[in-house]
Protein chains: 2
Amino acid sequence: MPRNPTMNDVAREARVSLKTVSRHVNGETNIDPELAARIGAAIVKLGYRRNLSAASIRPGRTSKTIGLVFSDLANPYYSTLARAVESVADAAGYLLTIASSNEEGPRHDRLVDRLLEQRVDGLIVVPPRHAARDWSEVPPPIPPLVFLDRPALFSGADAVLADNAGGARDATLALSRAGARRIAFVGDSPDIHTMRERHAGYAAALAEAGMAVDDSLTITTAHTKEQAERAVGALLRDDSADAVFAANNRSTIGALLAFQQAGRRLPLVGFDDFETSLLGNPPVSVVSQDIELMGRTAAESVLGRLRGDTSPVSTRVLPTWLILRGSEKPERN
Amino acid sequence: MPRNPTMNDVAREARVSLKTVSRHVNGETNIDPELAARIGAAIVKLGYRRNLSAASIRPGRTSKTIGLVFSDLANPYYSTLARAVESVADAAGYLLTIASSNEEGPRHDRLVDRLLEQRVDGLIVVPPRHAARDWSEVPPPIPPLVFLDRPALFSGADAVLADNAGGARDATLALSRAGARRIAFVGDSPDIHTMRERHAGYAAALAEAGMAVDDSLTITTAHTKEQAERAVGALLRDDSADAVFAANNRSTIGALLAFQQAGRRLPLVGFDDFETSLLGNPPVSVVSQDIELMGRTAAESVLGRLRGDTSPVSTRVLPTWLILRGSEKPERN
DNA sequence: TTGTAGGCGTTATCAC
DNA sequence: GTGATAACGCCTACAA
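Residues numbered from 1 in each chain as written. Chains lettered and ligands numbered in written order. Predicted model: local features only at pLDDT ≥ 70, side-chain atom pairs only at ≥ 80, totals over all residues. Heavy atoms only, no water.

- By the naming in an unreviewed UniProt entry, chain A is LacI family transcription regulator, taken from Streptomyces scopuliridis RB72.

Written out as structure tokens, the structure is:
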């Protein structure tokens, strides 16, 4: 395998100085057309390709890369976020380096460190449920940093979140308006910020509707759709609930599987829309968040800082909206 | 914002030479414990962080990054692939830089060039349907390169694919065995390699079952689930087909939407499993491919080459398997 | 318009 | 064991 040709090789081949090649490569115009032609020919002949890594170590130059760390790239929620970030970054000439923390605090920290060592220009992070490190202990300089889908864990960082509590409240109220009196909350661990917020919204809605929170109707162990299916199956068997608020995608699907298994269903509203939500019978009502907008907003925030935006850090809470498709109503008999 | 501290700063602070700091940072052992302690303290005090970009320009050193270019990170198929690649890469200490080509040839090429300029150590690509550039014209050195989900477009590269034709054949034969005689093919453009292969498998199965390919039953315009829904809706209305082979995920979901709309269904087998396939009534039969295995295989192939594997380039075709859940059978009346 | 000198942060060589 | 010194590939002053 041949060595990568360098600017020096090109300069020698074109019989000009290194600097002139540099000018040519960087698109500067003040070059004698004749030399420019020789340089162009040499570049083609040698197959010269810039070494952006080398260029980026000069002061003022950067890698034009931003880093994104979240729990799991295979989760459609995060891959949608990542895609939105990528679109905005790409339009500004930035590459995107993505790393999955697996929701493990130490792993998350290692990945962040690695990206900082790689000298990414900006960083977007979704911290794991048990954040290990205090950001205020990370030595400066820290590149522009945005917390996504989580509140900022660092005073110098922006944050972009959805209105998880509001969305959960809307969903719960919709079930209540449809006549439910014993609404179950099915979701993942309250260690997760979004889950805490959604449960708070659920509780607020119950209070507004004059109902008390019944702890036996709060399920926070639905880490997979199978676990959600078992939990909702139990609710069906002992007839303890008359409606289900599924606080995430996996819970919604688990509930639907339990309904299918039992041959009967409860009124249901889920958090987050999904591709086949229209295929349910009835179609599944959901609280939807604009995931792409969240990703774009986070990316624009980072890029804005890179362009010199020095406005005070802010936390942007994006709205959710309720899409009622029928599943919030009781089964007709 | 403070400047990033350098090894020189650490050396000065610890009153040792640059090289000794380098030794310390790189975990070499032949250092006086006293100096090591001073260096460690200086690193903490100054908040020193290695600059891997700078390190990577030394000959023999690399960025420990691999690049992945495909059409769309938001597509669950690709994000699953990406996650598998990331897992393997991460375990070997490599970061992953991901770029979406949007199925546009020139864009794909630009992204590849950018990654080469960034000096990624390896490259995994899913070329777009209209590949613009001839890889044999890309000047060497080219880092280890693997084509994923597509045959190799470059003689020096490995490839990892699923048995698209075999899977499509199995699906079509299953429909035929269940009694179908006019099986429609619903999919995306034959410009896409996987679609071509799947149609070939479909045609082979028809031939084996003694049926002819009826072009009016081949739909290759289902780019979105809505288009698939319309196409299958038309098939239902004019009663031209008695079964559907949906050649990708979107087509499967479109077909299900059309069935729901029409209030009746045709026997159906889809290509690629999906999260809610069990929720159908009946549950949806599919040809499944091990997407994670594909991603892992591609990543291991790249890493193997980086470790010095010089075995001849190869194309690995991974098996698919048919999961029959009921939807391949006719509706009972 | 072109070229020389120097430095970016790191690692390698090779004396001490 | 330690440290000058010279690279790596590129870019910025500053001269010519």
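Moving on from the coordinates now.
**Describing the relation of the copies chain A and chain B**
Moving on, step 1. Taken as rigid bodies, chain A and chain B are interconverted by a rotation of 180° and an axial shift of 0.0 Å, the fit giving an RMSD of 0.1 Å. Here the two chains are linked by the operation of a two-fold rotation axis. Taking C-alpha positions as reference, the residue of chain A nearest the rotation axis is threonine 97 of chain A, located at 2.1 Å.
Moving on, step 2. Most of the interface of chain A is mirrored in chain B, where 100% of its interface residues are also at the interface. (Least-squares fit on C-alpha atoms with pLDDT ≥ 70 in both. Contact = heavy atoms within 4.5 Å.)

**Looking at the interface of chain A and chain B**
Moving on, step 1. Each side of the interface is counted separately: chain A has 58 residues, and chain B has 59 residues.
Moving on, step 2. Carbon and sulfur atoms make up 53% of the area that chain A and chain B hide from each other, which totals about 5,600 Å².
Moving on, step 3. At the boundary of chain A and chain B, one finds six salt bridges.
Moving on, step 4. Between aspartate 72 of chain B and arginine 83 of chain A there is a salt bridge whose closest N-O contact spans 2.6 Å.
Moving on, step 5. Where chain A packs against chain B, one counts 30 residue pairs in polar contact (both at pLDDT 80 or more).
Moving on, step 6. Among the elements of the structure, α4 (52-56), α5 (76-91), β2 (95-100), α6 (105-117) and α10 (249-262) of chain A are those that each provide at least two residues to the side of chain A that touches chain B.
Moving on, step 7. Summarising the sheet, β2 of chain A and strand β2 (residues 95-100) of chain B pair through three bridges and their orientation is antiparallel. Across the sheet, residue isoleucine 98 of chain A finds its bridge partner in β2 of chain B, namely leucine 96 of chain B. (Buried area = accessible area lost by both parts, 1.4 Å probe. Salt bridge = Lys/Arg side-chain N within 4 Å of Asp/Glu carboxyl O. Polar contact = N/O pair within 3.5 Å; in protein donor to acceptor, adjacent residues only side chain to side chain. Helix = DSSP H or I, 4+ residues; strand = E, 2+ residues; numbered from the N terminus. Pairing = 2+ DSSP bridges.)

**What about the pattern of salt bridges?**
Moving on, step 1. Under the defined criterion, the tally for this structure stands at 36 salt bridges over all chains.
Moving on, step 2. Connected via shared salt-bridge partners are Arg3, Asp9 and Arg12 of chain A.

**Some remarks on the protein's contact with DNA strand D**
Moving on, step 1. Near DNA strand D lie 26 residues; those nearest to it are Lys19, Arg58 and Arg61 of chain A together with Thr20 and Asp32 of chain B.
Moving on, step 2. Of everything in DNA strand D that lies within 4 Å of the protein, sugar and phosphate atoms constitute 66%.
Moving on, step 3. At a separation of 2.7 Å, a phosphate oxygen of DNA strand D approaches a polar side-chain atom of tyrosine 48 of chain A.
Moving on, step 4. Looking at the surface near DNA strand D, its residues break down into eleven nonpolar, seven polar and eight charged. (Near = heavy atom within 4 Å. Nonpolar A, V, L, I, M, F, W, Y, C, P; charged D, E, K, R; others polar.)

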